[in-house]
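Listed below are the residues making up each chain.
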Amino acid sequence: MPSPTGPRPPLSPPRAPGPGLRIQARGLTQQVRGAGRVLHDVSFDAAPGRIVVIAGSSGAGKTVLLETLAGLRATGEGAVTHDGGQPGPPGPEFGFVPQEDVLHRDLPLHRTLVYAAGLRMPPGTSAESVTAAVDRVLVPLGLSHRAGTPVRALSGGERKRAGIAAELLTGPRALFLDEPTSGLDPVTGAALLRTLRSLAEGGTTIVLTTHVLADLLRGDRVVFLSPGGQVVYSGEPGGLCRAFGVDTVEDVYDAVAGGAVAGAGSDGTGPDSAADDSAKAEPAPGEPVVRHTGPAQPLPRPRVGAVRQWSLLTRRGAALLLHNRLSVAVLAGSPVVIVAMFAVLFRAGAFDPADPDPGSTAMIMFWIAFGAFFFGLTYGLLQICAELPVLRREWLAGLRIGPYVASKLTIMLPVLTAADALLLAVLRALDRLPAAGWDTYVSLFVSSVLASAAALALGLLASAAVSDPGQATLMLPLLCFPQVLFSGAFVPVPRMTGAGETISRAMTNRWAFEALGSGIGLDALWRDGSSRLGPPLLTSYGDSFAGPASGDWLILAGFTLVFLALTWTVLVRKCRGGVVRGRAGR
C-alpha cells in the first residue's frame, strides 16, 4: 500500500537480529503546520540497550522528535535510520507509548492485555501462547499481582507500566515513550525509570521525552533541545551541568532559555559533537555488535486477518459494554423511558374502529419511529469517542478500521433488535397498537430495526467526529431536534416549504415514520372506502403513507451504509494524523 508521501521502496532481505535497534538521526529538520519549524539540524545516536532522554522546555519539539525517530512522522529534511534502514511501523521491531493511557479501563488488566496481544501478535498464535506472553511481560513490570484488577483501579504508575506491558508483548527491540513520568509522584516516577533501566539492561533501546528534572540524570545520554528545536547538548548526564557552567539542572533550563549553548567539554559534548555520537555509541564490552553494509528496509509484518480482528474486537467490545455501568444503564434505561412515555401520552384503544382516534394513531407511529431512532443514536454516541487514543495506538500496531466499525455494528444491532421487538410487544400488550396479522407486525419490526440501524450508524459517525464523551453528550439534542421537526409528523411534508422538504429528505426519521405508517396501513385505516377524504390531520399528510414500506427500507439501509462509510473515513483520517507509513486501506 503506498504511503501518503509516495510509494514505499522495494523490500530487501531481512536484517540480522540484534539486542536492540541502533537509531540514528542526521541533520533532522522538521516543519509542523501552524507552528513552523520545530526542529533544526538535529543529529545524534541512540545505541542498543541504552536509555536516551530527550529534554527541553515546552515547545522545543521533543514529541515531534520522538515521533520522527519512531517513524510516525515523515522526515522533512535529513534522515532517521534504524540499524541503517528505514524505520518500520511500531511492533514487533519497536513500540510507542504516548502520553495518554492507551488501554481500556473497564476490564481486568490480564484480560485487557490478552485482547491487545490478539491484535499485535502474529496470525495463528495460539491462545496458550498469548496467555503465556501476557504472563511473561507482567513479571518484570511488577504487575503480576494486579493481573485481576480492572485497569481503572490501577495507580497512575501502574497504568504507565501496563501501557508498556502492551508494547512488550511482541518483544520490541526499541521502546519510545512520550513523557512516561508526567503526572507521577517522584517515588513512582523513579520506580518507572528503574523498570525502563531493567529493560535496557536486557538489550532494549529506550528513547523517552521528559519534563521531570530527575529523569535527565537517570539516562545514559541526554539530548537537550533549545526552544528553536536545536540540539544544544548531547552527551552523558554527568556532563550536562558542567557543559553549561552551572550547578543544577534547573539552571541548565534557564541558561538554554537565555540562548546559551553547551561549551565543548572533556567528553566531547558541544554544539558540533552530535554527529560524532555514533563513535561513542559503540556497544559495551561483551555486547553483541550489529554491522550493516547498507540500508535495509523492514520486512512487512503479517497482520491479523480482517475476520479474526472483527471477531476479537466484537468479543472485547461486548465485554467492555457489560463491564461499563453507564453503557448498561443506557441499554436498560432507554426502552423503559420510551415505553413509559407511550403509557403516559396515549390512551389505550386508539386504533379501535368503534372509538377511533386517527390523530393519535399517526403520533404513535411517529413516536415508535423516534423511539427506534433514540435507541440507536444513544447506543452509538459513546462507542468510539471514549476509546480514540486506544484506537490510534492499535491502528499503528495493525488494526484495520473496517473490522473495528463492523464490530460496533455487530455488538449493538442485536441489542437494538431486541429493544425494538420489546417495544412493539409491550405496546401491543398495552393496547397502543391494533390486533393485526403477522405481516403487519413483521413490517413494523423491520421498519423499526432499520430505523435503529441508521441511527446507530449516525451515532457512530458523531462519536468518531468528536473528541470526548462530553462532546458526544452535547451532540444528542443537536441530532434529535431536526429529526423531530423535519420528520413530517408535526408539520406534514406536503405542508412544508421547499427548503423544509429538502431538509426532511436527509432525516432518517422521516422515512422510518412513513415506513411505519405504510406498514400499519395508516393511509387507508380511517377512510370510508368511498372517498379519499379523511380526518383533516391525516388528509394533510397527502400520499406520505401511500407507497410500500419496502421503498422506505431501501432508503434507511442506504443511510446506514453512507453513515458507516463516513465513520470509516473520519477514523482513518484521525488515525493517520501525522503518520507517514502506508495504512490507508485499514
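Reference entry: report on the structure contained in this document. Keep in mind that this is a model prediction, so the values were computed, not measured.

## Things to note about the side chain of threonine 204
Working step 1: The topology assignment puts threonine 204 in the loop between α5 (186-201) and β7 (205-209).
Working step 2: Judged by relative accessible area, which is 10%, threonine 204 ranks as buried.
Working step 3: Discounting chain neighbours no more than four positions away, the residues touching threonine 204 are Pro19, Gly49, Arg50, Pro172, Arg173, Ala174, Leu175 and Leu199.

## Focus: unusual backbone geometry
Glycine aside, a negative phi is what most residues show, and trans is what most peptide bonds show.
Working step 1: The phi angle at aspartate 83 is positive, at roughly 55 degrees, despite the residue not being glycine.
Working step 2: Of note, aspartate 83 is situated in the loop between β4 (77-82) and β5 (94-97).
Working step 3: The buried category is assigned to aspartate 83, whose relative accessible area is 4%.

## Description of the environment of valine 232
Working step 1: Structurally, valine 232 is set in strand β9 (residues 231-235).
Working step 2: Taking C-alpha positions, valine 232 is 9.6 Å from glycine 56, a pair spaced 176 residues apart along the chain.

## Points about the packing of helix α12 (residues 358-381) against helix α15 (residues 438-465)
Working step 1: Their axes nearest at 7 Å, the elements α12 and α15 cross at an angle of 35 degrees. Considering how the two elements wind past one another, α12 and α15 form a crossing that is right-handed. Residues Met365, Ile368, Ala372, Phe373, Phe375, Gly376, Leu377, Tyr379, Gly380 and Leu381 of α12 lie in contact with α15, whose contacting residues are Leu444, Ser448, Ala451, Ser452, Ala455, Leu456, Leu458, Gly459, Leu460, Ala462 and Ser463.
Working step 2: Class assignment for the residues of the contact of α12 with α15 results in 15 nonpolar, six polar and no charged.

## Description of the layout of surface pockets
Any space left empty among the atoms is revealed by the rolling of a water-sized probe across them.
Working step 1: Roughly 500 Å³ of internal volume is contained in the largest pocket.
Working step 2: Of all the secondary structure elements, the ones that give two or more residues to the lining of the largest pocket are α10 (306-323), α11 (325-345), α13 (388-396) and α14 (401-429).
Working step 3: Take the lining of the largest pocket: its biggest share by element is three residues, from α10.
Working step 4: Here the lining of the largest pocket is built from residues that sort into ten nonpolar, five polar and six charged.

## Describing the packing of α15 against helix α18 (residues 508-520)
Working step 1: At a minimum axis distance of 8 Å, the contact between α15 and α18 shows a crossing angle of 175 degrees. Between α15 and α18, the angle is such that the two are roughly antiparallel. Where α15 abuts α18, its residues Thr440, Ser443, Leu444, Ser447, Ser448, Ala451 and Ala454 lie against Thr508, Ala512, Ala515, Leu516, Gly519 and Ile520.
Working step 2: Of the residues that constitute the contact of α15 with α18, the class distribution is seven nonpolar, six polar and no charged.

## Some words on the side chain of serine 360
Working step 1: Assignment of secondary structure puts serine 360 in helix α12.
Working step 2: Look past the residues within four positions of serine 360 in its chain and what remains in contact with it is Phe346 and Ala350.

## Regarding the sheet that holds β7
The strands that make up a sheet are held in pairs by hydrogen bonds between backbone atoms, and each pair lies either parallel or antiparallel.
Working step 1: Reading across the sheet, the six strands line up as β5-β6-β7-β3-β8-β9 and stay open at both edges, with mixed pairing between neighbours. One side of each edge strand has no neighbouring strand; the edge strands of this open sheet are β5 and β9. On average, adjacent strands in this sheet sit at an angle of 10 degrees to one another, irrespective of strand direction.
Working step 2: Where β5 and strand β6 (residues 174-178) come together, four bridges link them in parallel fashion. For phenylalanine 94, the partnering residue across the bridge sits in β6 and is alanine 174.

Each value, and the rule that gives it
- Residues numbered from 1 in each chain as written.
- Predicted model: local features only at pLDDT ≥ 70, side-chain atom pairs only at ≥ 80, totals over all residues.
- Heavy atoms only, no water.
- Helix = DSSP H or I, 4+ residues; strand = E, 2+ residues; numbered from the N terminus.
- Buried < 20%, exposed > 50% of the residue type's maximum accessible area, 1.4 Å probe, protein only.
- Contact = heavy atoms within 4.5 Å.
- Axes fitted to C-alpha atoms, helices over the stretch in contact; angles between N-to-C directions.
- Left-handed = near helix turned anticlockwise from the far one by under 90°.
- Nonpolar A, V, L, I, M, F, W, Y, C, P; charged D, E, K, R; others polar.
- 1 Å grid on protein atoms, 1.4 Å probe; cavity = no way out; pocket = protein on both sides within 12 Å on 5 of 7 lines; lining within 4 Å.
- Points joined across faces, edges and corners; volume = space filled by probe spheres on them.
- Parallel < 35°, antiparallel > 145°, perpendicular 65-115°, else oblique.
- Pairing = 2+ DSSP bridges.

What is shown is where atoms sit, not what they do.
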